[in-house]
Amino acid sequence: MRILVVEDDDRLRALLAATLAEAGWEVDEAADGRSGYGAALGGGYDVVLLDVLLPGMDGVTLCRKLRATGLEVPVLMLTARGQVAARIEGLDAGADDYLPKPFDVDELLARLRALTRRTAAAGGPITVGDLTVDPAARRVTRGSTEIELTAREFDILELLVSRAGQAVSRFTILDEVWDGETDLRSNVIDVYLASIRAKIDRPFGTSTITTLRGAGYRVDVP
């Protein structure tokens, strides 16, 4: 998942970039509104993390200009605590969510996960070969056969198929599906993956999810 961080405070921008990279995001940075606007237009990002007070072009203007081009990338706006008018203006300009400063990093990551989940659901069903995962309907089918998964099994499979062809680490699964509540050393992921494979693969004589020793898991694209 790719994120653009537009923040003029060098220390905060570096902290955000390091935190997001550790959480599994691919991070690009911009230190002012004009460079942030150019990067957002051409970057193909999954989320833009946008400060309101920026040199060159403020965050609200930047967001409004992005929406005017038709770009629908989710925007999470950072505002100073108490700037109610700025939050309202930002949301009216097209921001999807806001977070007041100072903020807790765990809340930031949770809000980003929520934004990407909503985006995935709005994007429609995801198909890999004859396997289809529909986030909005929370429905899984292989060919014409519907497959029943538990809520957590569905969340894991949705995450993996949304990044088909890419390695997804155990940390990323724990962070996005369990919100980091499960010990990384636990075998809970292995248990769930075994159950998912038994439902989506075994009855059909196929293999969808590859275990990458030391790296995580990958949904292979036929």
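Note that the structure is a prediction, hence the values are computed from the model and not measured. Every chain's residues receive numbers from 1 upward, in the order its sequence appears when written. Two thresholds apply to this predicted model, a pLDDT of at least 70 for residue-level local features and 80 or more for giving and counting side-chain atom pairs, whereas whole-chain, interface and lining totals are computed over all residues. Hydrogens and waters are ignored; side-chain quantities use all the structure's heavy atoms.

Counting its regular elements, the chain contains 8 helices and 11 strands. Atoms considered for the radius of gyration are the C-alpha atoms alone. The globule rule reads 2.2 Å times the number of residues to the power 0.38. Relative to the globule expectation of 17 Å for 222 residues, the C-alpha radius of gyration of the chain, 19 Å, shows essentially globular dimensions. Reported as C-alpha extents along the three principal axes, the dimensions of the chain are approximately 60 × 35 × 25 Å. Classification of residues uses two cut-offs on accessible area relative to the type maximum, computed with a 1.4 Å probe and protein chains only: under 20% is buried, over 50% is exposed, and between them is partly exposed. Across the 222 residues of the chain, 45% fall into the buried class. Surface summary for the chain: the accessible area is close to 10800 Å², and the carbon and sulfur share equals 50%. Taking the 26 positively charged and 35 negatively charged side chains of the chain as two groups, their mean positions are separated by 2 Å. We count a stretch as a helix when DSSP gives it H or I for four or more residues in a row; a strand needs E for two or more, and each element gets its number in order from the N terminus. Computed with a 1.4 Å probe, the accessible areas rest on the Shrake-Rupley method; for each residue, only the protein chains presented here act as cover. Charged residues are defined here as Lys and Arg on the positive side and Asp and Glu on the negative side; His and the ends of the chain fall outside this count. One atom stands in for each charge, and that atom is NZ of Lys, CZ of Arg, CG of Asp or CD of Glu.

Before going further, it helps to examine the environment of Leu71. Within the secondary structure, Leu71 sits in the loop between helix 3 (59-68) and strand 4 (75-80). Through-space distance from the C-alpha of Leu71 to that of Val177 is 28 Å; in sequence the pair is 106 residues apart. Whether two residues are in contact is decided by their heavy atoms, any of which lying within 4.5 Å being enough. Sequence-distant contacts of Leu71, that is, excluding residues within four places in its chain, are made with Ala40, Leu41 and Leu66.

Computed over the protein atoms alone on a 1 Å grid, cavities are sets of points where a 1.4 Å probe fits but cannot get out and pockets are open sets with protein on both sides within 12 Å along at least five of seven lines; a residue lines them when it has an atom within 4 Å of a point. Grid points are joined across faces, edges and corners, and a volume is the space filled by probe spheres set on the points. Taken as a whole and judged by the stated rule, the model has 1 cavity of 30 Å³ or more. Here the largest cavity is characterised by a volume of approximately 50 Å³. Lining of the largest cavity is provided by Ala23, Trp25, Leu109, Leu112, Arg113, Thr116, Asp175 and Glu176. Looking at the lining of the largest cavity, the elements with two or more residues in it are helix 5 (105-122) and helix 7 (170-177). Broken down by element, the lining of the largest cavity gets its largest block of residues, 4 residues, from helix 5. A breakdown of the residues in the lining of the largest cavity according to their chemical character gives 4 nonpolar, 1 polar and 3 charged. Under the scheme applied, nonpolar residues are Ala, Val, Leu, Ile, Met, Phe, Trp, Tyr, Cys and Pro; charged residues are Asp, Glu, Lys and Arg; polar residues are all the others, including Gly.

What follows deals with the sheet that holds strand 7 (residues 131-134). Read from one edge to the other, the open sheet built from 4 strands follows the order 6-7-8-9, with strand pairing classed as antiparallel. A strand with exactly one partner marks an edge of an open sheet, and here the two such strands are strand 6 (126-128) and strand 9 (145-147). Strand-to-strand twist in this sheet, taken as the mean axis angle between neighbours without regard to direction, amounts to 25°. Seen against the sheet, helix 6 (residues 151-162) touches strand 6, strand 7 and strand 8 (139-142) and runs at an angle of roughly 115° to strand 7. For two strands to be treated as a pair, DSSP must find at least two bridges joining them. Note on definitions: angles span 0 to 180 degrees between N-to-C directions of axes, and those axes are lines fitted to C-alpha atoms, for helices only across the stretch in contact.

A separate point is the sheet that holds strand 2 (residues 26-30). One open sheet holds the 5 strands; their spatial order is 2-1-3-4-5, and the pairing between them is parallel. Among the strands making up the open sheet, the edge pair consists of strand 2 and strand 5 (97-101). Taking each pair of neighbouring strands and ignoring which way they run, the sheet shows an average axis angle of 20°. Here strand 4 pairs with strand 5 via 5 bridges, running parallel.

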